[in-house]
Every structure is written in C-alpha cells, then in structure tokens.
Amino acid sequence: MAHEILKKLPEDVIIYILLRLPIKSLIRFTCISKTWYILIRSSTFINLHLNNSKTAKEEFIIFKRSLQVDPFQHKTTLSFLFGDDLKPVLSDLDVPYLESTFVNDYDQFIGPCHGLVALISMMNTVLFNPATRNYRLLPRFPSDAPQGFRCSIDGVGFGFDSIANDYKVVRISEVYNDPPYRDPYSSEQKVEVYDMITDFWRELDNIDQDMPRIYWAPSSMVFYKSACYWLAIGPKDKMIILYFDMGTEIFNSINLPHTCNSYNGPHYGLVVLRDSITMLRYPNPNPEYDPAQDLMQIWMMKEYGVYDSWMKIYTVRPLLIESPLLIWKDCVMLCESREGSLISYDLKLDKIQEFNLQGCPTSMRAICYKESMIQIPCESKDSAQVQYF
Amino acid sequence: MSSSSSEPESNILTLKSADNDEFQVEASIAVQSTTIKNMVEDGYTDIPLVNISSEVLIKILDYLKKHAENSGCSEEELNEFDNEFVKMSIKKMSLFVYAASFLHIPGLTSLLCQTIADKIKNKSVNAVRRIFEIINDYTPEEEAEVRAEHDWAHEGELDDTVEEDDEVRDENDGESDDNETPDDETGEN
C-alpha cells in the first residue's frame, strides 16, 4: 500500500515541498521528469514561489563595480554575495555590453523587481535574474535626439506593471534644442517607456515640462509598490521625491521633511527599509567638506504618503564614505568608501566592517534581492535572446 | 463560531484506520485536523480514515496530543518533539505528509514538507527519482538538452544516496519498519 501512496503523492503536496527548495535545486530537478519540468516552470508555481511569504527567504547581494583593464578600457563586473561576510556564491561575471573607454560611473543598477535587476548604461540595458543566471540585452533606446540635438539621461527606472502584467523600463531624458551650448532654458524633458511585452520603446506624450528634475546619485532610485521613485529637485531648490506609477504611467511627487531637504551641500540617497521609503542625507564626499559638520541622517516615511510620518531614525557619526549603496539585514548599510572599496556599517552596533572588494571610485552599486524563478521574457526572435552565465 | 449543537470539549471520537483498528481520541485534540473538525461539526463521532494505516495514524495522534493547546508543552519541548518525530526515512515521511495533507493539519504538513525539502535539496536527480519512484520520461537527448540549459545547477557535491545516514533501510516498500519506537499509548483505549 505504501508503494501506491508514493505514486499518488498529490500535486499540492509536491508543490508544498518544492516551495521550500532553493532555486538551484528547483532548476536541477526540472531534469527529473517532464511532469516535474512542467510543474516547476509553470507560471502558477513561479508566482507561488515569488509570493510565498511562509518560508523564510534568504537575501543576497549583487555588487557592481568598474574595474580598469588598461588605461582606456574598463569593464563592469558583478559579484554575487551572501551572508554577513559577503561570501561569493558564484564567480564574478564580467558583464558583456558594458565595457567602455572610461569608467562607467553613470551606470545605474536598478531593482530588484520580482528577483530581476536591470543594469542601465548610457547605451545599453541588461536585465538579469541572478538566481537562475539568465540575462538579456534589451533593445537599445530609440535613436537618440534628432540630428543637431543633444540629449542627456536624467533618470532610469525598472519595475512591474501589475495591471498589464508587464515589466517596464522608463527613461527620463533632457533634449537640448540649442547645441552645443546646452542652453538650460532651451531644453525639453522626454519620457520613454519600454514594454517587455511588445519589446519596444515608446515615448510618452504630454510631459509636464515643470516636472521636478531628477537628482542623480548612485543610489537614488527604487522600485516600490508598483512605482519607480527618484530623488528630484523641486521648486525653490528643495529636494523632493518624484515617482512614476508603472500602471497609470503618471508622475507624482512626495515631499521630504522640510528640515532636511536643501539641495545645496549634502548628498542624498533613497532606499527601501522595513518596507518603507527611506531617505539618506550624507555629507558631500568631496574632501574639502568636513564630514563632522554635517552628520548623515536617515529618515523613514513610516506611513506611505503621510508627510507627518517622516521620522529621523538614525543619525550617523562621521564616516568617510563616497556614498551609501543600500541598507540590508534591517540595519547594515553597505557603502563605497572614499578609497573605492566596499565597507559596511552596522547602524545599531556602530560597527564598521571592511571587505576586500575594490573598484573604480564612484562606480559601485549594490542591490539586495531574494531569489525568484521569474523567466526573463523575450518575445521577439529578432531581439537579443536570453543568455546564461 | 461552530454551528454544531454539541460542545466538542467533552466529546470522544472514534477514528478507524485503514487496518480497521479503532482509536479513541478527544475531539478537542482531533479537531486540529480541519478534515476531522468539519466532520465533527456535521455531527459525526465515528471517523473512518480508509487511506491511513494504523502505524501512521498512531504517530499522528501523538503529534496532535503534543501540539494540543492544553498539552502544557513549552516551545522548546515542542521543537524537540518535532525533531524526534521527523526522524524517519524520506519514503516513510511521504506517507505521513500524504496523511497530514489529507487530514489538513497545517503545522504537521509544513514540518514534514520542510524536512523533506531539506533532505532532498542537495540530492542528485537520480537520487530523487529513486526516492519518490518517479519514472524518467525524457529521452537521453531531451534530458541532455534540459540539463545544458542550466548546467551550473548540477555542479558541486551532489548527494547520490537514496537513504540518509541514520535511517533504517526500508526492506520492502516501508510497510514493516523495525526502527519505530513503541508508542506509549494508542488512543484512549
């Protein structure tokens, strides 16, 4: 009788077991039989796995930096790390499509969204699922500004539109009408959106030209609750949060605490901490500025959208950092030091840890993610296909 | 909330296993199984369980007694009990998880599934096939193709064994198991 029972193990029981397996095991077990392949690869199972809050999911770090290969050649390298000691889970990846002459310190690393991350340079966007080791080069931005015009990219975002069930990339750029002087009064903002479903870029109409200008910083963009959020410079040179709802494709803004929103001087970052939008304000890393004069402050918007719920949760003693990268494990802040190496600072224990990971200064980025089985879509045969590493 | 006219606390239920053995259990303990709870609310006190053997049922009743609200066990004691409970082969555990799922006992189902997952996560494809007696319906070419998609998932030290170190080997299909510690009580008999 036992024999028969084993053969009749109900599918929902198998699913209960599968949901508790790490991704490497799940992928390996697709080789067990066709039934297991179909089950594990089904969108039902993948979504169950993604939304499964009952099993504790480990957090991992992807860490990006630029490394100099020779004087006019730089490469972008990703490291995949785990645990308090940031041990590698697999060997580093030199990202194709992202080699360049000069340091890629403008590149943005965005995510995670359902376990996917996007690496966006001036020219290229590469989408990764680090758990399944897939990546794909997305189609280029549409041909840049027309002949005679120049364009600079202010902000990029990546996220998920749950209404259309579509992953999107959004790019906000400034087109200058009067080259080569880049007269700031003669430019116009342009917003383009890439839909994974159509594999195309399209431009949005009716952009409000008075929209706050994106404030560029290494870690100033997050995807949170179906919108992309950036730090921006609003009226009267006050810092503000600008966000773009991935579903309605409408921009809106959120005020920062008025005691902590001056644009001139300190630098700002934006992260998600304890499921709340959190702003970091830290001293200008330029050595001319004395970090002790302007301590790092961390503010959390405890209740979404409620201005009065902004609360300063930490004031950090002087740390010589170039920029914060992220906060994970509830209170550990990863930063790029001024010498171009990765350090962590425990906000509760006031403890610094140094890691043997260096890169070109200002090129570091980091993302904390949980593994997912989400497949990177690739609808068109003409587009670059999904590759593995 | 219960629509039943009788108070469950003082009710004794009779559970009948697939082997036709009867077990007397207090309803307040047995209703940790949602399946049994639903039957009690419909007024039944004789609960036939034709697809659960006595051996499995005895142990599950042990679990229910230990995890009942009034058992007075500390969290530590419960954890210790759970750890001891799952000391069995994966094959045997499959019988239990089937029963726990049928009886809708969420805590037990979760415990068993997590234990099975932990035991199989580092196992090779072949080992898992043998444990769950799954027929490989791939052709060698198909299997090679699927494997090549994510070769990295097959790297590293994979456990090819079918049974774990401390467990007894199932001689047959697991119907006789020499390693079970004799139970102190079997229901309220």
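Quantities reported herein were computed from a predicted structural model and do not represent experimental measurements. (Residues numbered from 1 in each chain as written. Chains lettered and ligands numbered in written order. Predicted model: local features only at pLDDT ≥ 70, side-chain atom pairs only at ≥ 80, totals over all residues. Heavy atoms only, no water.)

Attention now moves to the domain arrangement of chain A. Residue and element names in this part refer to chain A. Assigned domains within chain A: domain 1 (11-51) and domain 2 (59-379). Distance between the C-alpha centres of domain 1 and domain 2: 32 Å. Contact between domain 1 and domain 2 buries roughly 830 Å² in total, counting both sides, with carbon and sulfur atoms accounting for 76%. Counting across the interface, domain 1 meets domain 2 through 0 salt bridges. Applying the counting rule to domain 1 against domain 2 returns 1 residue pair in polar contact (both at pLDDT 80 or more). (Domains from an automatic or database assignment. Buried area = accessible area lost by both parts, 1.4 Å probe. Salt bridge = Lys/Arg side-chain N within 4 Å of Asp/Glu carboxyl O. Polar contact = N/O pair within 3.5 Å; in protein donor to acceptor, adjacent residues only side chain to side chain.)

Turning our attention to the interface of chain B and chain A. Every contact between the two is made by 43 residues of chain B and, on the other side, 37 residues of chain A. Taken together, the two surfaces of chain B and chain A that pack against each other cover about 3,600 Å², and 68% of this comes from carbon and sulfur. On the chain B side of the contact with chain A, Tyr98(B), His150(B) and Trp152(B) bury the most area, a combined 19% of that side's loss. Our enumeration of links across chain B and chain A arrives at 2 salt bridges. Scanning the region where chain B abuts chain A turns up 13 residue pairs in polar contact (both at pLDDT 80 or more). Listed by contribution, the elements that provide at least two residues to the side of chain B that touches chain A are α5 (90-102), α6 (106-120), α7 (125-132) and α8 (140-149) of chain B. Here the element with the most residues in the side of chain B that touches chain A is α6(B); it accounts for 7 residues. Of the residues in the side of chain B that touches chain A, the class split is 18 nonpolar, 12 polar and 13 charged. (Contact = heavy atoms within 4.5 Å. Helix = DSSP H or I, 4+ residues; strand = E, 2+ residues; numbered from the N terminus. Nonpolar A, V, L, I, M, F, W, Y, C, P; charged D, E, K, R; others polar.)

In this section: the nonpolar core. Ranked by size, the top nonpolar core spans 110 residues in total, and within it Trp230(A) and Leu15(B) carry the most contacts. Counting residues per element, this core draws most heavily on α5(B), at 8 residues. Residue contributions to this core reach at least three from each of two domains, namely domain 1 (11-51) and domain 2 (59-379) of chain A. Not counting residues within four places of it along the chain, the set of residues in contact with Leu15(B) comprises Asp21(B), Glu22(B), Phe23(B), Val25(B), Ile36(B), Ile47(B), Leu49(B), Leu57(B) and Leu61(B). Judged by nonpolar contacts, the second largest core, of 33 residues, contains Leu319(A), Val332(A), Tyr345(A) and Phe355(A). (Core = buried A, V, L, I, M, F, W, Y, C linked by side-chain atoms within 4.5 Å. Buried < 20%, exposed > 50% of the residue type's maximum accessible area, 1.4 Å probe, protein only.)

The next point concerns the packing of aromatic side chains. What describes a pair of aromatic rings is the distance from one ring centre to the other and the angle between the planes of the rings. Applying the stated criterion across every chain yields a total of 23 aromatic pairs over all chains. Seen from their ring centres, Tyr224(A) and Tyr229(A) are 5.8 Å apart, and the 70° between their planes marks the pair as edge-to-face. With centroids separated by 5.9 Å and ring planes inclined at 80°, the aromatic side chains of Phe85(B) and Phe96(B) adopt a geometry described as edge-to-face. Taken together, the residues span a long stretch of sequence, with Phe85(B) in helix α4 (residues 75-85) and Phe96(B) in helix α5 at a distance of 11 residues. On the accessibility criterion, Phe85(B) (3% relative accessible area) is buried. Members of the aromatic cluster, connected to one another through ring pairs, are Phe80(A), Phe128(A), Tyr135(A) and Phe389(A). Against the face of Phe85(B) rests Lys59(B), its NZ or CZ located 4.8 Å from the ring centre. (Phe/Tyr/Trp six-rings, centres within 6.5 Å; stacked < 30°, edge-to-face > 60°. Lys NZ or Arg CZ within 6 Å of the ring centre and 35° of its normal.)

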